[in-house]
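Read off the chains here:
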Amino acid sequence: MNSVRCSRLAASLACLLLSFSVATSATKVNKHKPWIETTYHGIVTENDVTVLLDPPLIALDKDAPLRYAGEICGFRIHGQNVPFEAVMVDKTTGEGVLRAKESMDCELQKEYTFTIQAYDCGEGPEGENMKKSHKANVHIQVNDVNEYSPVFKEKSYKATVIEGKKYDSILRVEAIDADCSPQYSQICSYEIVTPNVPFTIDKDGFIKNTEKVNYSKDRQYKLAVTAYDCGKKRSTEDVLVKINIKPTCKPGWQGWNKRIEYEPGTGSLALFPSMHLETCDEPVTFIQATIELETSHIGKGCDRETYSEKSLHRLCGVASGTVDLLPSPSSSTNWTVGLPTDNGHDSDEVFEFNGTQAVKIPDGILTTSSEEPLTISVWMRHGPGAGIQGEKETILCNSDKRDMNRHHYSLYVHNCRLVFLFRQNPSESENFRPAEFHWKIDQVCDKEWHHYVLNVDIPTVALFVDGVAHDPFLVTEDYPLHHSKIQTQLVVGACWQEYTGNENENETVTESYPGGEFRMAQFYHGSLAGLMVQTGKIESKKVIDCLYTCKEGLDLFDSENLDKSMKVHFNPTQSLLILEGNDIEKFDKSIQHVSYLNSRQFPTPGIRQLKITTSVKCFNEETCITIPDVEGYIMVLQPDEPKISLSGIDHFARAASEFESDEGVPLFPELKIISTVTREVEPEGEDEDEPTVQESMISEEIMHNLDMCEVSVLGDELNTEQESFDVVQSQLRQRGMEMSNSSTGMIITGVDTMANYEEMLHLIRYRNWNSESLFERKFKLVCSELNGRYTSNEFSVEVNVIHTANRVEHPNHVLVQPEFVRPVHHASVDLSGHNLANPHPSTVVPSAATVVIVICVSFLVFMIILGVFRIRAAHQRTVRDQENGKENEMDWDDSALTITVNPMETYEDQHSSEEEEEEEEEESEEGDEEDDITSAESESSEEEGEQEDQQNVNRQQQLEWDDSTLTY
């Protein structure tokens, strides 16, 4: 029993051991993973599913030849929407194939990329403990099949050519192919199918003519054109190309006038209102037109205001204190008298320097300091070879007047380089500072007018040429000047320096000093104008641009409605306009907007040359036609010249006490300034009789500025020890005007309205604080506009001095009874009321009343004699004069007179009056002789004659004496 139990137990243990050993051996069977290549490349042909892989798809397993563990059960593809599958061919060898799930289409997708992985069969039929290989990359390319034919982009093509012309290219046809590969999708050639035509086509589809075509022979050619891809597959449908032949056409601008008249004051004038571009049906894709206005012969390059440069500085906002070193010659600015000028008024004064002339600026005109900024501006025209090669040509120089030869500052031209020297004043620190600045610019020697502005603010100097800034190419430094009390000499056109004795230099010995001889040297050759220096500040770019700005140029009116596709470019002076566009119709409309504008009230008349240069391009940026240049001119007509008239009281008398007072006597208390232009007006309606010249002319009053009024003394010059002109300086400064005085008169300058000039002239007073020997003074007033281009009439004023006898002052202000005096005979009294026999009595002193009466009677006789010559004309207009109430020409100021009437002289006065009335009646019967005498005796112009006639009669009718203070 026990033995049986033992045998059974042994059997159970053996079974358990056997099961354990089998399980242990099974876990060790599938030891390795399958292995495949890391990368596969495959090709599949379009419309096929078979994929040719390189290398072949084979998986290996080191567990072979064990069943299951050494066998490959399959391949797995990883990726989204991969249209391929892997099929197992032999599990034992691990061989497999790839194939597409459906036919491939190269036009949809040319390449595919995905990953693939192999796995073994595991340890049994259920695939337990299956192992996977690594993932390999697979690239599949779809081979194209030439399944599509070329197709043309357009259904037909059209072009136009001009007869007698051979083209490099007329037009281009283009076909495309839907195949995906370069071999089958590219078009390799085109062919004209139509036989016997004078055209050929290249491989890129460009058609050109092989010979010149003739419009009379064929007006149109129809060509059938086919295309081939690189697989030699022909297009299924040929394309039709129509080429029209046009007769010979001359491209260019049409509808323009060579002469264009511009009437001043009419604003903007359209230059080409009907012009259009004829391209002869060329396929123009780009147009560029350059319109150039040539004005280099006008003044300084264009029509600028002809005010003096100093007036222009004020108009542009330059602060007061600017010094004009080249003013127009006058009594107060006479240092430019010897310089040659252009002698014209179409521009401001231009001075010519021929290399032998220069001017010294008087002392005190300009004071500068190296510690203060300053601005130098000048117009200059200079050409190459004007002076001696290598010599300096000095524009402005300030140097020692004697003893030494130091240049404090100077502006000069050296070998067509502009150089500015500015030495610093003596200082305690002997430090180097920038002292000489060199500019290398073409404008210095191009023989054209240019505007130069130097803003000097040491250590920097900024140069602006025609409003454009230029940096110096060289700056050198120097020590400060040594202390010295030597005065300096400022010169324009040369430099004042010590004579070196070099005969080769262009120099002239002028003065000798104990320290040596000094002369002018380094003469300038060229033209200068408007040399202005302002100290204490530098000018802004805005002011500099204003000084240079032209008043005429090209413009675009109604520019808001200009097509946005057009490109417009102006040069700074608006003498050049460039238009660019790609549409002919829009371009024509744009060029019709081009206009000429001259904003001057009185522009310079004459010709302005006009030129249009045009270039066009067709397809492929090629120049297809040539547009001839357009050349014409603008004729600026003569403006209606203004007539500036000065009028007012031209003869009056004042008491001597007024001349000697602090206020003085106003010279032009009722001065009027008006300006008129005479225009020709066509009469309305058609009359049988032609209108006379007077009927077709009309005068209109206009307002414009004046820039100068000059008061001159007629006769002896002013005695500055007892005579002077006085003006309220604050009023001048408030209006931006300036005044200069001399013994010959005074000048008021500055651009301002006629009304403001009237007010300033009303304030001019004449004083004479020692008028005992003065009986009369005569003055002349002349005003001008645009630097003397238009000048007024000469308005003369005569002032008489009324002398009264000295009176003894009494506390009660009661006159002393007149003393006995000798009888005064009329023969010894002149027409102005002065005693000719004894003008300065020393022994006999008449009473005040007697002298006053004699003076008044004498003046009355004087006025009657002057009025006799105009009696006839006065009688004819007496009624009209009374209605108009004209002012007296003779103004008597009797406010200071106290007249004592002598009853004994009543009879003599009446008798004298009766004799004078008889003389008047006799004179009135002389007829036409009166008119001759009137014209000979009148001091006024013919235009003012009739007005003076009326005023002289009014003197007789309206002359009244204020007898409220008379003591009988």
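Preceding block: the structure.
Every chain is numbered on its own, with residues counted from 1 as its sequence reads. With the structure being a predicted model, the display of local features is reserved for residues of pLDDT at least 70 and the display and counting of side-chain atom pairs for 80 or more, all residues being used for whole-chain, interface and lining totals. For the side-chain quantities, the full set of heavy atoms in the structure was used; hydrogens and water were omitted.

(A) Molecular detail of the overall build of the protein chain. Put simply, DSSP H or I for four residues or longer makes a helix, DSSP E for two residues or longer makes a strand, and each gets a number counted from the N terminus. On a plain count of helices and strands, the protein chain comes out with 14 helices and 59 strands. For every residue, the accessible area (1.4 Å probe, protein chains only) is compared with the maximum for its type, and the residue is labelled buried under 20%, exposed over 50%, or partly exposed between those bounds. Counting the 968 residues in the protein chain, one finds 42% classified as buried. Of the contacts made within the protein chain by residues no fewer than 6 positions apart, 73% connect residues no fewer than 24 positions apart. We call two residues in contact whenever any of their non-hydrogen atoms come within 4.5 Å of each other.

(B) Looking closely at the side chain of Asn209. Positionally, Asn209 belongs in strand S15 (residues 206-209). Separated by 3.1 Å, the side chain of Asn209 and the backbone oxygen of Lys165 make a polar contact. Two N or O atoms form a polar contact when they lie within 3.5 Å of each other; inside protein one atom must be a possible hydrogen donor and the other a possible acceptor, and for residues adjacent in sequence the pair counts only when both atoms belong to side chains. Of the polar contacts made by the side chain of Asn209, one reaches the backbone oxygen of Glu211; its length is 2.9 Å. Excluding residues that lie within four positions of it along the chain, Asn209 makes contacts with Lys165, Lys166, Tyr167, Ile170, Pro198 and Phe199.

(C) Here's a closer look at the state of the cysteines. Here, two cysteine sulfur atoms that lie within 2.5 Å of each other are counted as a disulfide. Applying the stated criterion to the full structure yields seven disulfides. Here Cys316 is linked by a disulfide to Cys546, with a sulfur-sulfur distance of 2.1 Å. As the torsion about the S-S bond is roughly -75°, the Cys316-Cys546 disulfide counts as left-handed. Here the residue Cys316 occupies a position in the loop between helix H3 (309-315) and strand S23 (323-324), and Cys546 occupies one in helix H4 (residues 541-548), the gap between them amounting to 230 residues. Residue classification places Cys316 among the buried positions, given a relative accessible area of 14%.

(D) Broad picture of the pattern of salt bridges. For this document, the term salt bridge refers to a Lys or Arg side-chain nitrogen within 4 Å of an Asp or Glu carboxyl oxygen. The full count for this structure, using the stated rule, is 16 salt bridges. The salt bridge involving Glu261 is made with Arg259; its shortest N-O contact spans 3.0 Å. Residues Asp563 and Lys586 are paired through a salt bridge, measuring 3.7 Å at the closest nitrogen-oxygen approach. One end of the pair, Asp563, is in the loop between strand S40 (552-556) and strand S41 (567-570); the other, Lys586, is in helix H5 (residues 584-591), with 23 residues separating them in the sequence. A relative accessible area of 28% places Asp563 in the partly exposed class.

(E) Just the packing of aromatic side chains, in detail. For Phe, Tyr and Trp, rings pair up if their centres lie within 6.5 Å, where Trp contributes its six-membered ring, and each pair is then called stacked (planes under 30 degrees apart), edge-to-face (over 60) or tilted (otherwise). Enumeration according to the criterion identifies 17 aromatic pairs in this entry. Taken together, the ring pairs connect Phe659, Phe725, Tyr766 and Phe779 into an aromatic cluster.

(F) Highlighting the environment of Asp177. Mapped onto the elements, Asp177 comes out in the loop between strand S12 (175-176) and helix H2 (182-185). Along the primary structure Asp177 and Phe152 are separated by 25 residues, whereas in three dimensions their C-alpha atoms are 8.8 Å apart. The contact partners of Asp177, leaving out residues within four places of it in the chain, are Tyr148, Ser149, Pro150, Tyr184, Ser185, Ile187 and Asp229. One polar contact links the side chain of Asp177 to the main-chain amide nitrogen of Asp179, over a distance of 2.9 Å.

(G) Highlighting the side chain of Ser377. Counting through the fold element by element, Ser377 comes out in strand S26 (residues 374-381). In this view, Ser377 contacts His313, His451, Tyr452, Val453, Gly530, Leu531 and Met532; residues no more than four positions away in its chain are not counted.

(H) The arrangement of the pairing of strand S42 (residues 576-581) in detail. Two strands pair under a simple rule: DSSP has to find at least two bridges between them. Relative to S42, strand S22 (residues 286-294) runs antiparallel, the two sharing six bridges. Along S42, the bridge assignment pairs Ile287 with Gly581. Note that S41 and S42 share four bridges and pair antiparallel. When the sheet's bridge partners are listed, His569 is paired in S42 with Ile578. Taken together, S41 and the strand that follows it, S42, pair antiparallel across an intervening segment of five residues, in which Gln574 is found at a positive phi of about 60°.

(I) Here's a closer look at the nonpolar core. As used here, the term nonpolar core means buried Ala, Val, Leu, Ile, Met, Phe, Trp, Tyr and Cys residues forming a set that is joined through side-chain atoms within 4.5 Å. In terms of nonpolar packing, the biggest core is built from 44 residues, with Phe668, Ile673, Phe725, Leu761, Ile764 and Leu781 touching the most fellow members. Going through the elements one at a time, strand S46 (643-647), helix H6 (656-660), strand S49 (672-680), strand S51 (705-714), strand S54 (745-753), helix H8 (754-762), strand S56 (776-785) and strand S58 (795-802) are the ones with two or more residues in this core. In terms of nonpolar packing, the next biggest core, distinct from the first, is built from 40 residues, Val323, Val413, Leu463 and Leu528 among them.

(J) Examining the sheet that holds strand S3 (residues 57-58) more closely. Here we have three strands laid out as an open sheet, ordered S3-S6-S5, and antiparallel in their pairing. Every interior strand has two partners, whereas the edge strands, S3 and strand S5 (84-90), have only one. Where S3 lies against strand S6 (residues 95-100), two bridges are found, and the strand directions are antiparallel. Residue pairing across strands places Ile58 opposite Glu95, the latter belonging to S6.

(K) How the structure looks around the sheet that holds strand S19 (residues 259-262). Strand order across the open sheet formed by six strands is S19-S45-S44-S22-S42-S41, with mixed pairing between neighbours. Of all strands in the sheet, those bounded by a partner on one side alone are S19 and S41. The average angle at which neighbouring strand axes cross in this sheet is 20°, direction not considered. As paired elements, S22 and strand S44 (residues 606-617) share nine bridges and run antiparallel to each other. Working convention: axes come from line fits to C-alpha atoms, limited for helices to the stretch in contact. Angles between N-to-C directions cover 0 to 180 degrees.

(L) Structural view of the environment of Cys546. Taking the relative accessible area as the measure of exposure, Cys546 reaches 33% and is therefore partly exposed. In the structure, Cys546 is positioned 233 residues away from His313 in sequence and 8.7 Å away in space, judged by C-alpha atoms.

(M) Summary view of H4. Residues Val543, Ile544, Leu547 and Tyr548 constitute the buried set of H4. Seen end-on, H4 carries its buried residues on one side only, within an arc spanning 135°. Buried-residue contacts for H4 involve H3, S26, strand S31 (449-457) and strand S32 (460-465). As used here, the arc is the angular range of directions from the helix axis to the C-beta atoms.

(N) Spotlight on unusual backbone geometry. In this structure, Pro65 follows Ala64 across a cis peptide bond, with omega equal to 15°. Locating Pro65 in the fold gives a position in the loop between S3 and strand S4 (72-78). Here the residue pair Ile458 and Pro459 is connected by a cis peptide bond, since its omega of 20° sits within 30 degrees of zero. Tracing the backbone shows Pro459 in the loop between S31 and S32. Residue Tyr68 is not a glycine yet carries a positive backbone phi of 70°. The topology assignment puts Tyr68 in the loop between S3 and S4. Look at Asn81: it is not a glycine, yet its phi comes out positive at around 50°. In this fold, Asn81 is placed in the loop between S4 and S5.

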